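Below, each chain spelled out in residue letters.
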Amino acid sequence: AAGSVVFQQPVSPMLALGRGLCAVGRWADQAPWLAILLVQLVVLASYGAALAYKGYKMDDTVAISRNPNVVAEEVTLAEIMRRDFWGLPMHGAGWTNKSFRPLTTWTFRLNYLLHGLESSGFFIANVFLHCVASLLVGQTAMSVAGLSGSWAAIASLFFGVHPVHTENVLYLVGRADVLATIFGALALNMYAALYCPPPLLAVAAADEEAAPTKGWASNPAWLVFPMGLVVASGLCKETGFTLFALFLLMELLDFVDLRSLVARTGQRIPPRQWRRTRLRVILLGVATVFVFIARYRHTGGTSLNMSPQDNPISFESSKLTRMLSYAYLHGVYMRLLCWPQFLCYDYSMDAIPSVTTPLDCRLLLTCAGYVGLFGAVTVALRAPKRYRRAGLMSLAILVVSFFPASNILFPVGTVVGERLLYTPSVGFCLFVVAWLHRGFSGRPRPQTRHDDASAAHGVGRRNGKSTSNGRANGRVQQVVDEAPPAPRQLRRLVLCFVVGSAVTAALVVRTLLRVQDWESSDTLFLHDGRIQPTSSKVQFNLGITHMQNQDWDSAVEALIRCAWADPLSSLPFYRIGQIEILRGRFETAEHYLAAAIDKFGASMMVRDEEVFHDLALAMFQNGKVEQAETRLRVALQLNPEFAKGWNNLACCMINRDIYDSTRALRKAVSLSPENPQYWANLALLAQHTGDPATASSAWRRATELWPAMPEPQDCTWEFAPAG
């Protein structure tokens, strides 16, 4: 009636928020790439501090600043193919771990050509590459798992801010895993688009049993592109080669779905389609075998020259102990994916003691991991077809890419490496998001006869450029998108949004805190040294950090913990001996340095001649002149170009034979003519041997190099702690 007043029921804030979220979701579904790009801002903010980081940590120095394939003035393709990831020759008598990653080394080389060894450029590149990988995870969620744009953006965000990836981004050598994931994701997306597109998870139940959607390519010649990307992934990190198996799995899933549909509808698979599928599978199998044989022949096998410090479990004599310990490591990796609260750059030696009995309670973690994995496989197999493909492909990415690091086929060169989870975490994130999508979408309605008829019609048209099934998908998708959600669904959406936001915020905060830990070597070593007291490597690096800061007591305490965790290593004993020399405690120094001589040493970290030299210095100060001279001569036999050893040998035997001392000093100045102390010592000895001309010229050279050089009263030893 005219003049009547209509009262509208006020909308609750929760329903208003739910409708707003629905609007955002519809926008993300219509502009998926823009939504995925926007979430990269959160990823970039999580790693923003790293854009200003500088300095190389641990293996970064070997892989970059000391790698001839990175820093040489000219690098040929032959040199790149001849050396491993660390710049060492892969063939010959020298040590190599057979890690052939030329594309990763090439990106380091590109960084070097752009800005030299200024390390901040390497960090900027790693952060950028991580954002690219996160973006491609979102694309993989759509192309491989069939998720809509809004859910793909969630998967991209989940992957991008997961704290376990901080090591890959901030430990520069972790770039290998990032690049392998980028090329691997490109390969999966391309193969799915060409041959095996997934069913959309947003379709209605009526289309649940439709024929598999056909890719836009039918000619097997297009296989060269996704297979080439897999090879590129493997040339960044060896795990990339395993992705060939995922192509075969996609073909298998499509074939099983098509066979079940054919058996139910009474139709036949078109012969042409069957021949093309069979040809693709054969080509994939042949290419996989060829690539693995080619890599095996090029690297000379897969055997690694490991030490107990790298993977002590592999040196256990009991097969049962090795099996149980490796099984426990699988649980540790699963915990890092599900609950990344404890993060550390190393888990060596006593950080994870070997499991010697099946009754060890730590195996409960392994049982939980295995039960969770098999439960996820069961859920995926029992899910509707549209979710079955997404679930199984996600789990396959997780398992297949982790398999080389599982120690099942061969032992790997580390106990636990967080960076090894970079590619497997793609599958983990996709499965979690697909499972959440199913839980939020609810159960589909039962299938009807009309659905079978529609599916059969889809099989008959599958060889065409387009299918009726594809057009039906588009109509159903539009209806689903336009259907207004019920208030109950809106409340459920808001609840999921609140919980998801809380989880995302927790992941971002954990990532931010871990990024701060990686600011420099000192911050990393000090932080992880406090939380990982039983790792020999962590405690050794902590001790070296305290040693550089001249905190002698803390350094010795950390190095003693290192020695307890790894009593076979010479490194902690050697460093404690150096500290005691610096403190003037020569008897204690001799004790530790003598112990270091009899233990295992890492020649890439400390050269043997340095240990013998420092022991000789401590013995000389303790009055053991002849024994000191013997140790110095051993050091010079190990390295005749050891200038410091020749100088100190001269000082050691000056009272026994001053002329031999003079000859030793001449050798020292010839090897290191820029050292003023050697010239001053030579001037002193030449004066005592009646050679004023040599004394005068040597002293003049010493003062040219160091004008403030005091006139020597005695032959001066040189002690400079190595490395």
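Residues numbered from 1 in each chain as written. Predicted model: local features only at pLDDT ≥ 70, side-chain atom pairs only at ≥ 80, totals over all residues. Heavy atoms only, no water.

Undergrad: So what's going on with the overall build of the protein? Which residues, and what values?
TA: Along the backbone of the protein there are 31 helices and 0 strands. For the protein, the residues scored as buried account for 51% of the 723 residues in total. A separation threshold of at least 6 residues defines the contact pool for the protein, and within that pool the share at least 24 residues apart is 72%. Carbon together with sulfur atoms contributes 62% to the accessible area of the protein, which is approximately 33,500 Å² in total. (Helix = DSSP H or I, 4+ residues; strand = E, 2+ residues; numbered from the N terminus. Buried < 20%, exposed > 50% of the residue type's maximum accessible area, 1.4 Å probe, protein only. Contact = heavy atoms within 4.5 Å. Areas by Shrake-Rupley, 256 points an atom, 1.4 Å probe, with all protein chains shown as cover.)

Undergrad: Summarise the state of the cysteines; cite the residues concerned and give the values.
TA: Scanning all chains against the criterion turns up 1 disulfide. Put simply, C651 and C715 are joined by a disulfide, and their sulfur atoms are 1.9 Å apart. Residues C651 and C715 are joined by a disulfide whose S-S torsion is about -65°; by sign, that bridge is left-handed. Taken together, the positions of C651 in helix α28 (residues 643-652) and C715 in the segment after α31 (692-705) put the pair 64 residues apart, joining distant regions of the chain. You can call C715 buried: its relative accessible area is 9%. (Disulfide = S-S within 2.5 Å.)

Undergrad: Report on the packing of aromatic side chains, specifying residues and quantitative values.
TA: Under the counting rule described, the total for this entry stands at 18 aromatic pairs. On the basis of an interplanar angle of 35° and a centroid distance of 5.8 Å, the ring pair of Y171 and W518 is categorised as tilted. Taken together, the positions of Y171 in the loop between α9 (166-170) and α10 (175-194) and W518 in the loop between α20 (487-517) and α21 (521-531) put the pair 347 residues apart, joining distant regions of the chain. Per residue, the accessibility class of Y171 equals that of W518, and both read buried. Here the aromatic rings of Y345 and F525 are separated by 5.6 Å at their centres, their planes lie at 50°, and the arrangement is tilted. Linking Y345 in the loop between α14 (319-338) and α15 (363-382) with F525 in helix α21, this pair joins segments that are 180 residues apart in sequence. Grouping residues by exposure puts Y345 and F525 together as buried. (Phe/Tyr/Trp six-rings, centres within 6.5 Å; stacked < 30°, edge-to-face > 60°.)

Undergrad: Which residues make up the nonpolar core, and what values go with them?
TA: Within the largest apolar cluster, 118 residues are counted, with the highest numbers of intra-cluster contacts made by F247 and V416. The element contributing the most residues to this core is helix α7 (residues 120-143), with 11 residues. Those residues in contact with V416 that lie beyond four places of it in its chain are L329, V332, Y333, L336, Y347 and I352. Judged by nonpolar contacts, the second largest core, of 53 residues, contains L571, F612, A668 and W679. (Core = buried A, V, L, I, M, F, W, Y, C linked by side-chain atoms within 4.5 Å.)

Undergrad: Report on the packing of helix α27 (residues 625-638) against α28, specifying residues and quantitative values.
TA: In the contact formed by α27 and α28, the axes pass within 10 Å of each other and the chain directions differ by 160°. Taken together, the axes of α27 and α28 are roughly antiparallel relative to one another. The handedness of the crossing between α27 and α28 is left-handed. Residues V625, A628, E629, L632, R633 and L636 of α27 form the contact with α28, whose own contacting residues are G645, W646, N648, L649 and C652. Partitioned by chemical class, the residues of the contact of α27 with α28 number 7 nonpolar, 2 polar and 2 charged. (Axes fitted to C-alpha atoms, helices over the stretch in contact; angles between N-to-C directions. Parallel < 35°, antiparallel > 145°, perpendicular 65-115°, else oblique. Left-handed = near helix turned anticlockwise from the far one by under 90°. Nonpolar A, V, L, I, M, F, W, Y, C, P; charged D, E, K, R; others polar.)

Undergrad: Lay out the pattern of salt bridges in plain terms, naming residues and giving numbers.
TA: A full pass over the atoms with the stated rule returns 24 salt bridges. For the salt bridge of E167 with R419, the shortest nitrogen-to-oxygen distance reads 2.6 Å. Separated by 252 residues along the polypeptide, E167 in helix α9 and R419 in the loop between α16 (385-402) and α17 (424-441) bring together distant segments of the chain. Between R514 and D528 there is a salt bridge, with its nearest N and O atoms 2.9 Å apart. Of this pair, R514 sits in helix α20 while D528 sits in helix α21, and the two are 14 residues apart along the sequence. Given a relative accessible area of 0%, R514 falls into the buried group. Ionic contacts of the salt-bridge type, sharing partners, join the residues D553, E580, R583 and R585 into one network. (Salt bridge = Lys/Arg side-chain N within 4 Å of Asp/Glu carboxyl O.)

Undergrad: Hey, could you go over the environment of P424 for me, with residue numbers and the actual values?
TA: Relative to the helices and strands, P424 resides in helix α17. Residues P424 and F402 lie 22 residues apart in sequence; the distance between their C-alpha atoms is 5.7 Å. Discounting residues that sit within four places of it in the chain, P424 has contacts with I397, L398, S401 and F402.

Undergrad: Lay out helix α30 (residues 676-688) with the relevant residues and their values.
TA: For α30, with 13 residues, the first-to-last C-alpha span of 19 Å sits near the 18 Å given by 1.5 Å per residue. With respect to burial, α30 is a largely interior element, 11 of its 13 residues being buried. Those residues of α30 not exposed but buried are P676, Q677, Y678, W679, A680, N681, L682, A683, L684, L685 and A686. Contact partners of the buried residues in α30: α28, α29 (658-671) and α31. The backbone nitrogen of Q677 has a side-chain oxygen 3.0 Å away, supplied by the residue at the start of α30, namely N675. Of the residues trailing α30, G690 is marked for its positive phi of about 75°. (Expected span 1.5 Å × (residues − 1). Polar contact = N/O pair within 3.5 Å; in protein donor to acceptor, adjacent residues only side chain to side chain.)

Undergrad: Talk me through the environment of V432; I want residue IDs and the actual numbers.
TA: When you line up the elements, V432 lands in helix α17. A relative accessible area of 23% places V432 in the partly exposed class. Spatially, the C-alpha atoms of V432 and G391 are 8.9 Å apart, while their sequence positions differ by 41 residues.

Undergrad: Any details on the packing of helix α1 (residues 13-30) against α20? Residues and values, ideally.
TA: Contact pair α1 / α20: the axes reach a minimum separation of 8 Å and the direction vectors enclose 80°. Between α1 and α20, the interaxial angle falls into the category roughly perpendicular. Facing M14, L15, L17, G18, R19, L21 and C22 of α1, the residues of α20 in contact are P487, L490, R491, L493, V494 and F497. Residues that form the contact of α1 with α20 fall into these classes: 10 nonpolar, 1 polar and 2 charged.

Undergrad: Help me get a handle on the confidence of the model for the protein, residues and values and all.
TA: For the protein, the mean per-residue pLDDT works out to 82, and 86% of the residues sit at or above 70. Ranking the elements of the protein by mean pLDDT puts helix α19 (residues 468-482) last, at 39, and α7 first, at 94. (pLDDT = per-residue confidence, 0-100.)

Undergrad: Describe a nonpolar patch on the surface, with residues and values.
TA: Nonpolar side chains collect at one region of the surface, where V24, W27, L34, L38 and L41 lie side by side and expose about 460 Å² of accessible area between them. Listed by contribution, the elements that provide at least two residues to the nonpolar patch are α1 and α2 (32-46). The leading source of residues in the nonpolar patch is α2, at 3 residues. Of note, L34 is situated in helix α2. (Patch = residues over 30% accessible without salt bridge, like charges linked within 9 Å, V, L, I, M, F, W, Y side chains within 5 Å.)

Undergrad: So what about unusual backbone geometry? Which residues, and what values?
TA: A positive phi angle is found at N407, which is not glycine, with a value near 65°. Tracing the backbone through its elements, the reader meets N407 in the loop between α16 and α17. The class for N407 is buried, based on a relative accessible area of 8%. Backbone geometry at Q550 places phi at a positive 60°, although glycine is not the residue there. Structurally, Q550 can be placed in the loop between α22 (536-548) and α23 (552-565).

Undergrad: Provide a residue-level description of α16, including the pertinent values.
TA: For an α-helix, 3.6 residues make a turn, and residues three or four places apart therefore share a direction. Look at α16: 26 Å from first C-alpha to last across 18 residues, which is about the 26 Å you get at 1.5 Å a residue. Counting buried residues along α16, 15 of its 18 residues qualify, which places the element largely inside the surrounding structure.

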